[in-house]
Amino acid sequence: MKRLFGFIFILLLISMVFMSCEDVNNGSPDISITGKSEASGDDGSLSNGDLIDFGNVYSPIDEDLSFTIGNAGDSDLTVSSIVLSGSDVYSLPTNPAPVNIPVGEEQVFIIRFTSDITGARTGTVTINSDDPDESSFQLSLTGYATS
């Protein structure tokens, strides 16, 4: 009888732990980024660390690529900043951050490649948000300026 009560007690504890874990996930924002990656070659869902290839960009023409930040979670997502680092050929013509993205909504941003000097250029874009498991979402950038 004592073993049965002990077993039931352990089952109750385990179920309480699982229920509390589910509660932690409820009410969290969840960032999703879509755009063109080197791997897919077409617009689709991007993963943290993906490579974005601008290809050959002929000077003095700018090459713009659009990306969409979505909120697939169940509470508002706050994007605190979008930061470019590495080469100065990359820019954000319209940086929407900081921005609050409601559940199920999206925000578009553009990365522009502009260069007067021939050669390969690399960089990184970092999207900082309050997503609990991807608070710093990074994409690697590459492109080749040609004349």
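Here the structure is a predicted model, which is why all the values come from computation and not from measurement.

1. Here's the deal with the overall build of the protein
Each helix and strand in the protein was counted, giving one helix and 10 strands. The linear arrangement of helices and strands in the protein, starting from the amino end, is α-β-β-β-β-β-β-β-β-β-β. Scored against the burial criterion, the 147 residues of the protein give a buried share of 33%. A fraction of 66% describes how many contacts in the protein between residues 6 or more apart in sequence connect residues 24 or more apart. Summed over its atoms, the accessible surface of the protein is roughly 8,600 Å², and 55% of this surface lies on carbon and sulfur atoms.

2. Regarding the nonpolar core
One broad trend across soluble globular proteins is that nonpolar side chains are buried collectively. If you look at the biggest cluster of nonpolar residues, it comprises 27 residues, and the most contacted ones within it are Phe54, Ile69, Val79, Ile82, Phe109, Ile111 and Ile127. Sorting elements by how many residues they give to this core places strand 10 (residues 136-146) first, with four residues. The residues touching Ile82, leaving out its near neighbours within four places in the chain, are Ile69, Leu92, Asn95, Pro96, Ala97, Phe109, Val125, Thr126 and Ile127.

3. With respect to the pairing of strand 4 (residues 63-71)
Strand direction decides the pairing type here: strand 1 (residues 31-36) and strand 4, joined by four bridges, are antiparallel. By the bridge assignment for strand 4, Ile33 is matched with Ile69. Judged from the eight bridges that link them, strand 4 and strand 8 (residues 106-113) form a sheet pairing that is antiparallel. What sits directly across from Gly70, in strand 8, is Glu106.

4. Let's talk about the pattern of salt bridges
Under the definition given, this model contains two salt bridges. Arg112 is the salt-bridge partner of Asp62, the closest N and O atoms lying 3.8 Å from each other. Here Asp62 is found in the loop between strand 3 (51-58) and strand 4, whereas its partner Arg112 is found in strand 8, with 50 residues between them in sequence. Overall, the relative accessible area of 36% leaves Asp62 in the partly exposed class. Close ionic contact of Asp64 with Arg112 constitutes a salt bridge, the shortest N to O distance being 2.7 Å.

5. A few points about the sheet that holds strand 4
Note on sheets: strands pair through backbone hydrogen bonds, and any given pair is parallel or antiparallel. The five strands are arranged 2-1-4-8-6 in an open sheet whose pairing can be described as antiparallel. At either margin of the open sheet sits one strand with a lone partner, and together these are strand 2 (43-46) and strand 6 (90-91).

Calculation notes
- Residues numbered from 1 in each chain as written.
- Predicted model: local features only at pLDDT ≥ 70, side-chain atom pairs only at ≥ 80, totals over all residues.
- Heavy atoms only, no water.
- Helix = DSSP H or I, 4+ residues; strand = E, 2+ residues; numbered from the N terminus.
- Buried < 20%, exposed > 50% of the residue type's maximum accessible area, 1.4 Å probe, protein only.
- Contact = heavy atoms within 4.5 Å.
- Areas by Shrake-Rupley, 256 points an atom, 1.4 Å probe, with all protein chains shown as cover.
- Core = buried A, V, L, I, M, F, W, Y, C linked by side-chain atoms within 4.5 Å.
- Pairing = 2+ DSSP bridges.
- Salt bridge = Lys/Arg side-chain N within 4 Å of Asp/Glu carboxyl O.

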